[in-house]
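Spelled out, the chains give:
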Amino acid sequence: MSRLVVVSNRVAASKLSRPGSEGGLSVALRAALRQHGGIWFGWSGKVLARDYDQPSVAEVGKTTFATIDLTQRDYDDYYKGFANSTLWPLFHYRLDLAEFSQRTWQGYERVNAHFAHRLQPLLKDTDVVWVHDYHFTLLAERLRNANCRHKMGFFLHIPWPALPVFTALPWHREIVKALCAYDLIGFQTEEDLECFQDYIRREVGGEIGENGVIRVFGRTLRAGAFPIGVDTEIFAKMAEDSENSNQVERLKKSLIGRDLIIGVDRLDYSKGLINRVEAFEHLLTTYPDNRGNVVFLQINPPSRADVADYVDIRRELEATAGRVNGAFAEYDWVPIRYLNKSFSRRVLAGFFRSSRVALVTPLRDGMNLVAKEYVAAQSAKDPGVLVLSRFAGAARELDGALIVNPYDVEGVAERIQEALTMPLKARRERWRSMYRAIAVNDVTAWWGNYLDTLQHGKPIP
């Protein structure tokens, strides 16, 4: 069995964290590395004044955790700049927020080249390299230029935009040509795959063959949809075990029998948070019986606090939530509880299980694992209802959710009301359908299918 080399912008801590504190992707990649043995390579999270040094290395079992630091210049140009101020908004259809700068593009090229240079000496001839996300679209091409002939795969965790949006990027051809140095490109949904194939056909004259084969730029590669899952059984057990934890008991006691509506999102403009709060406001206006009887708990762990757009969205969200509370709150009830802080997955699992409704309403999302975790956390006897944006990748699999257009504030409010009043039989039927889907396509199946396709050329599922 070939050794696996995982590359991602951030690397999980080499020491195992407290159970329930790591995200599902981190848990999955650890499991893949434990099975195959190998390296997890990426940024240390440190920004230093000095230039690149040799990677810091830690050995844990069969896995080597190797990280390098960034200089302030490279952090500004590559991470804050091109990755998060150009690619992230563009891939989430926010051209109005995307910044195009030759300086940050050069920084992105520079850091991809440096990472390739530091990774190459760590590779063995038979290694399989699996690169994750938009930070490293250029990495395989840089490794190929250094005569690396390894099998290399790339997985994009965020959406791939439609042709008219993507071609607004001045360096769109350079990025796609570099991506085609990988042997297998994975996307979250068939829609993302089709957008990529559309670019290959119409923009650069490539050929799309059977079973995901692409011929372009003098290379033959494959591309397919591999929707990521969650650690379904583990998360379900975590939710059940957390049901009587101190934090969950405190939450339930504070509700005084009221129905809980929950939203958990990284603080990001792609999540549709302002629209969501306005939909909840419309619910209280249109269906006044909910006043005093429901509580909306919105949890937003801090994110990219040094990027101006994220400072703005936090300020706007706090103002909107404050306005709604000011209009509807009573001396013994506050409709919105807004928390700008982080909780462990274990605690969130218990919160999900205690919620009557979950709002997962991004304006655009690659997959959105919160939707799947909410389903996993529910009690089979008395499950809650998922209200899910049609623009989240998860909507393709979770057919038991109430699918909404997050831009339609009134429509979302109607679906929230439907969720709050849905009979138990209907809730159970919807939940069973969704749970079956996430149990079959869990995170272990995801990485297993992807790596089998990359290593052994198996048909794309």
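Bear in mind that the values here come from a model prediction, so they are computed numbers and not experimental data.

Undergrad: Describe the overall build of the chain, listing the residues and the values that go with them.
TA: The helix and strand inventory of the chain stands at 16 helices and 16 strands. Against the compact-globule benchmark of 23 Å for 461 residues, the chain has a radius of gyration of 22 Å, which places it among compact chains. Expressed along its principal axes, the backbone C-alpha trace of the chain runs to roughly 70 × 45 × 40 Å. When each of the 461 residues of the chain is scored for burial, the buried share is 59%. Contacts in the chain between residues far apart in sequence, at least 24 positions, make up 76% of those at least 6 positions apart. Averaging the locations of the 59 positively and 56 negatively charged side chains of the chain gives two centres separated by 5 Å.

Undergrad: Describe the sheet that holds strand β12 (residues 294–299), naming the residues involved and giving the relevant values.
TA: Taken together, the 6 strands give an open sheet; going across it, the order is β13-β12-β11-β14-β15-β16, and neighbouring strands pair in parallel fashion. Two strands close off the open sheet at either side, each with one partner strand: β13 (336–339) and β16 (402–404). Averaged over all adjacent pairs, the angle separating strand axes in this sheet is 20°, with direction ignored. Bridge count for strand β15 (residues 385–389) against β16 is 3 bridges, and the pairing is parallel. Following the sheet pairing, Leu388 is matched in β16 by Ile403.

Undergrad: So what about the packing of helix α9 (residues 246–255) against helix α12 (residues 345–353)? Which residues, and what values?
TA: Put simply, α9 and α12 touch, their axes get as near as 9 Å, and they point 35° apart. Note on packing geometry: the crossing formed by α9 with α12 is right-handed. On the side of α9, the interface is formed by Gln247, Val248 and Leu251, while α12 contributes Val347, Gly350 and Phe351. Of the residues belonging to the contact of α9 with α12, the class tally is 4 nonpolar, 2 polar and no charged.

Undergrad: Describe in detail the sheet that holds strand β9 (residues 213–216), supporting the description with residues and values.
TA: Ordered by their spatial adjacency, 10 strands build an open sheet running β3-β4-β2-β1-β5-β6-β7-β10-β9-β8, and the pairing between neighbours is mixed. A strand with exactly one partner marks an edge of an open sheet, and here the two such strands are β3 (56–60) and β8 (207–208). Strand direction decides the pairing type here: strand β1 (residues 4–10) and strand β2 (residues 38–48), joined by 6 bridges, are parallel. The residue of β2 that forms the bridge with Leu4 is Gly38.

Undergrad: Could you give me a rundown of a positive patch on the surface, with the residues and numbers involved?
TA: A cluster of basic side chains, namely Lys381, Arg428, Arg432 and Arg436, defines a positive patch on the protein surface. As for its placement among the helices and strands, Arg428 is situated in helix α15 (residues 424–440). Arg428 gets classed as partly exposed once you look at its relative accessible area, which sits at 30%.

Undergrad: Give me the lowdown on empty space enclosed by the protein, citing residues and values where you can.
TA: If you walk through the whole model with that rule in mind, you get 2 cavities of 30 Å³ or more. Its boundaries defined by the atoms lining it, the largest cavity holds a volume of some 80 Å³. Glu191, Asp192, Arg364, Asp365 and Arg396 are, among the 13 residues lining the largest cavity, the residues nearest its centre. Partitioning the lining of the largest cavity into residue classes produces 5 nonpolar, 3 polar and 5 charged. Considering only enclosed or pocket space, the second largest cavity measures out at about 30 Å³ in volume. Together, His92, Arg94, Tyr269, Ser270, Leu363, Arg364 and Tyr407 line the second largest cavity. Split into classes, the residues belonging to the lining of the second largest cavity amount to 3 nonpolar, 2 polar and 2 charged.

Undergrad: Just give me the short version of helix α10 (residues 273–286), but keep the residues and values in it.
TA: Residue pairs spaced three or four apart in an α-helix point in one direction, given the helix's 3.6 residues per turn. Here α10 contains 14 residues, and its C-alpha end-to-end distance of 20 Å stays within 8% of the 20 Å for a straight helix at 1.5 Å per residue. Looking at α10, one finds that the buried residues are Leu273, Ile274, Asn275, Arg276, Val277, Ala279, Phe280, Glu281, Leu283 and Leu284. Those residues of α10 that are buried lie in contact with β11 (259–264), β12, α11 (308–328), β13, β14 (357–360) and α14 (409–420).

Undergrad: Kindly report on unusual backbone geometry, identifying the contributing residues and their values.
TA: Positive phi values are uncommon outside glycine, yet Asn211 reaches one of about 55°. As for its placement among the helices and strands, Asn211 is situated in the loop between β8 and β9. Its relative accessible area of 37% is what places Asn211 among the partly exposed residues. One non-glycine residue, Ile256, lies in positive phi territory at about 50°. Tracing the sequence through the fold places Ile256 in the loop between α9 and β11.

Undergrad: Got a sec to walk through the nonpolar core? Specific residues and values, please.
TA: One finds Trp130, Ile261, Phe351, Phe352, Leu386, Leu388 and Leu398 to be the most contacted residues of the largest nonpolar core, which totals 89 residues. Per-element tally for this core: the top contributor is α10, with 7 residues.

Undergrad: Outline the pattern of salt bridges, listing residues and values.
TA: Evaluated as defined, the whole model comprises 29 salt bridges. Note that Arg110 is salt-bridged to Asp74, the shortest N-O span being 2.6 Å. Pair noted here: Arg110 is in helix α3 (residues 102–119) and Asp74 is in helix α2 (residues 72–91), with a separation of 36 residues, a long-range link. According to the relative accessible area criterion, Arg110 is buried, its value standing at 17%. Residue class for Asp74 comes out buried when judged on its relative accessible area of 3%. One salt bridge in this structure joins Glu249 and Lys252, with 3.9 Å as the shortest N-O distance. Separated by 3 residues within a single helix, Glu249 and Lys252 lie in helix α9, roughly one turn from each other.

Undergrad: Lay out the packing of aromatic side chains with the relevant residues and their values.
TA: A complete count under the given rule lists 33 aromatic pairs for this structure. Ring-pair connections join several aromatic residues into one group, and the members of that group are Phe41, Tyr78, Phe82, Trp105, Tyr108, Phe115, Phe136 and Trp171. A cation over a ring is seen here: Arg10 above Trp43, with NZ or CZ 5.2 Å from the ring centre. Across the ring face of Tyr93, the terminal group of Arg364 is positioned such that the distance to the ring centre comes to 4.0 Å.

Undergrad: Explain helix α16 (residues 443–456) residue by residue, including any values.
TA: For α16, with 14 residues, the first-to-last C-alpha span of 20 Å sits near the 20 Å given by 1.5 Å per residue. Taken together, the buried positions of α16 are occupied by Val443, Trp446, Trp447, Gly448, Tyr450, Leu451, Thr453, Leu454 and Gln455. Where α16 starts, the residue carrying a side-chain oxygen 3.3 Å from the main-chain nitrogen of Thr444 turns out to be Asp442. The first or second residue beyond α16 is Gly457, which carries a positive phi of 70°.

Cut-offs applied
Residues numbered from 1 in each chain as written. Predicted model: local features only at pLDDT ≥ 70, side-chain atom pairs only at ≥ 80, totals over all residues. Heavy atoms only, no water. Helix = DSSP H or I, 4+ residues; strand = E, 2+ residues; numbered from the N terminus. Rg over C-alpha atoms; globule rule 2.2 N^0.38 Å. Buried < 20%, exposed > 50% of the residue type's maximum accessible area, 1.4 Å probe, protein only. Contact = heavy atoms within 4.5 Å. Lys, Arg positive; Asp, Glu negative; His and termini not counted. Charge placed at Lys NZ, Arg CZ, Asp CG, Glu CD. Pairing = 2+ DSSP bridges. Axes fitted to C-alpha atoms, helices over the stretch in contact; angles between N-to-C directions. Left-handed = near helix turned anticlockwise from the far one by under 90°. Nonpolar A, V, L, I, M, F, W, Y, C, P; charged D, E, K, R; others polar. Patch = residues over 30% accessible without salt bridge, like charges linked within 9 Å, V, L, I, M, F, W, Y side chains within 5 Å. Areas by Shrake-Rupley, 256 points an atom, 1.4 Å probe, with all protein chains shown as cover. Salt bridge = Lys/Arg side-chain N within 4 Å of Asp/Glu carboxyl O. 1 Å grid on protein atoms, 1.4 Å probe; cavity = no way out; pocket = protein on both sides within 12 Å on 5 of 7 lines; lining within 4 Å. Points joined across faces, edges and corners; volume = space filled by probe spheres on them. Expected span 1.5 Å × (residues − 1). Core = buried A, V, L, I, M, F, W, Y, C linked by side-chain atoms within 4.5 Å. Phe/Tyr/Trp six-rings, centres within 6.5 Å; stacked < 30°, edge-to-face > 60°. Lys NZ or Arg CZ within 6 Å of the ring centre and 35° of its normal. Polar contact = N/O pair within 3.5 Å; in protein donor to acceptor, adjacent residues only side chain to side chain.

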